[in-house]
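Listed below, chain by chain, are the residues.
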Amino acid sequence: MSLSKEAPLPPWGYALSGAAGAVLANTLVYPLDIIKTKLQVQKKLSRADTENALVTRDDDYYEGTCDAFLKIYRKRGVAALYNGLPGALLGVASTNFAYFYWYGFLRSSYRTKIPNISIAMELVIGAAAGALAQIFTIPVSVVTTRQQTSDDVSTLFQIGKEVIGEDGITGLWRGLKASLVLVVNPAITYGAYQRFRELIFRNKVHLSAYDSFFLGALSKAMATVVSQPLIVAKVMLQSKPKPGEPRHTSFVDALLYLAKHEGVQGLFKGIGPQISKGILVQGLLFMFKDQVELLILLLFRFVRASRKRFILLK
């Protein structure tokens, strides 16, 4: 089901289905999230380092997705591949609930005045919903990123206290500017999803699970390629730098550092697991979301029908 069709659910219905889909999808592919985050924050080796066999064999330096997976597993076991999972799930649940709520609310409000939504307005609505979601949920993202890039097994509360101790309460909103810029990612993703749905499955009222997965994966791949440098810069801002590494003070500072020290390749580091994770998560999210949405719709209709029968009996 799509929001471009009849909107029989209130915004909270779409929000609940989006949050449920996100939690299920992210749980299945979470190790990829750990790996892409570690790849994005590690410093590129210099020529002298690459000639040093000890450095290239370092368990804390990862040459790629498979190398990272094997090294993390060998050194810390399966549990390390799920480090920070509770916080991450809290983050994706809250972010997606907020996003789909505002997206549904803004889209339905706009359609009451102008039924046909242009591509440009689709992107504007998606960006506005993403911005509102980020403002309310970024503290969870900051704490989760710190947890994923740290070897310490600390709770969300402990890491939150550490962040506040270093930067004050505003530290929990570190990287907000980057996150607000990054709303182009979900805006492109969900805008492309709506357009592809109308082009490819114009005559389908309800999509199958496979159709939803295909559209979600295609849309996310497009959005990720466009926004990857912004994603890397955001992760660098929110992570705790290792000894000897600079602490970036702004979004632009992180991008300039990457361009100067690692070149264009540095701006796209970790794109392999980022795209893999994004395609799987977004495909599964839409697949689960549409099915949960259909379930909520049926339940919603059942409650309304029962309420009408009850009123008639009275």
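Just so you know, these numbers come straight off a predicted model, no measurement behind them. (Residues numbered from 1 in each chain as written. Predicted model: local features only at pLDDT ≥ 70, side-chain atom pairs only at ≥ 80, totals over all residues. Heavy atoms only, no water.)

Turning to the overall build of the chain, a few remarks are in order. Scanning the chain for helices and strands turns up 14 helices and zero strands. Traced from its N-terminal end to its C-terminal end, the chain shows the element sequence α-α-α-α-α-α-α-α-α-α-α-α-α-α. The C-alpha radius of gyration of the chain comes to 21 Å, within 12% of the 20 Å expected for a compact globule of 314 residues. For the chain, the proportion of contacts with a sequence separation of at least 24, taken over those separated by at least 6, is 75%. Just so you have it, the chain exposes about 15700 Å², and 67% of that area is on carbon and sulfur atoms. For the chain, the separation between the mean place of its 37 positive charges and that of its 22 negative charges on side chains is 11 Å. (Helix = DSSP H or I, 4+ residues; strand = E, 2+ residues; numbered from the N terminus. Rg over C-alpha atoms; globule rule 2.2 N^0.38 Å. Contact = heavy atoms within 4.5 Å. Areas by Shrake-Rupley, 256 points an atom, 1.4 Å probe, with all protein chains shown as cover. Lys, Arg positive; Asp, Glu negative; His and termini not counted. Charge placed at Lys NZ, Arg CZ, Asp CG, Glu CD.)

Attention now goes to the pattern of salt bridges. Per the stated rule, a full pass over the model turns up nine salt bridges. Across the salt bridge formed by Arg247 and Asp167, the nearest N and O atoms sit 2.7 Å from each other. Of this pair, Arg247 sits in the loop between helix 11 (209-238) and helix 12 (251-261) while Asp167 sits in helix 8 (residues 156-167), placing them 80 residues apart in sequence. Looking at Arg247, the relative accessible area reads 34%, which means it is partly exposed. We note a salt bridge from Glu198 to Arg195, for which the minimum N-O separation is 3.0 Å. With a gap of three residues between them, Glu198 and Arg195 both fall in helix 10 (residues 184-200), about one helical turn apart. Judged by relative accessible area, Glu198 falls into the partly exposed class, the value being 24%. (Salt bridge = Lys/Arg side-chain N within 4 Å of Asp/Glu carboxyl O. Buried < 20%, exposed > 50% of the residue type's maximum accessible area, 1.4 Å probe, protein only.)

There is a patch of like positive charges on the surface, built from Arg301, Arg304, Arg307 and Lys308. When you line up the elements, Lys308 lands in helix 14 (residues 271-313). (Patch = residues over 30% accessible without salt bridge, like charges linked within 9 Å, V, L, I, M, F, W, Y side chains within 5 Å.)

What follows concerns a nonpolar patch on the surface. A contiguous nonpolar surface patch, about 440 Å² in accessible area, is contributed by Phe69, Leu70, Tyr73, Val78 and Tyr82. Its location among the elements puts Val78 in the loop between helix 5 (65-76) and helix 6 (85-111).

With that settled, the discussion passes to the nonpolar core. Within the largest apolar cluster, 35 residues are counted, with the highest numbers of intra-cluster contacts made by Ile72, Tyr99 and Phe100. Sorting the residues of this core by element identifies helix 1 (11-28), helix 2 (30-41), helix 5, helix 6, helix 7 (119-148), helix 10 and helix 14 as the ones contributing at least two each. Element by element, the count of residues in this core is highest for helix 6, at eight residues. Dropping the residues within four chain positions of it, Phe100 is found in contact with Pro11, Tyr14, Ala15, Gly18, Tyr190, Leu285 and Lys289. (Core = buried A, V, L, I, M, F, W, Y, C linked by side-chain atoms within 4.5 Å.)

On to the environment of Ala80, then. Positionally, Ala80 belongs in the loop between helix 5 and helix 6. Along the primary structure Ala80 and Asn185 are separated by 105 residues, whereas in three dimensions their C-alpha atoms are 28 Å apart.

Moving on to the confidence of the model for the chain. When pLDDT is averaged across the chain, the result is 80; 90% of the residues are at 70 or more. Per-element confidence in the chain is highest for helix 5, whose mean pLDDT is 87, and lowest for helix 4 (residues 53-56), whose mean pLDDT is 51. Within the model, pLDDT remains below 50 along residues 1-7, and this stretch shows 28 contacts once partners closer than five positions in the same chain are excluded. (pLDDT = per-residue confidence, 0-100.)

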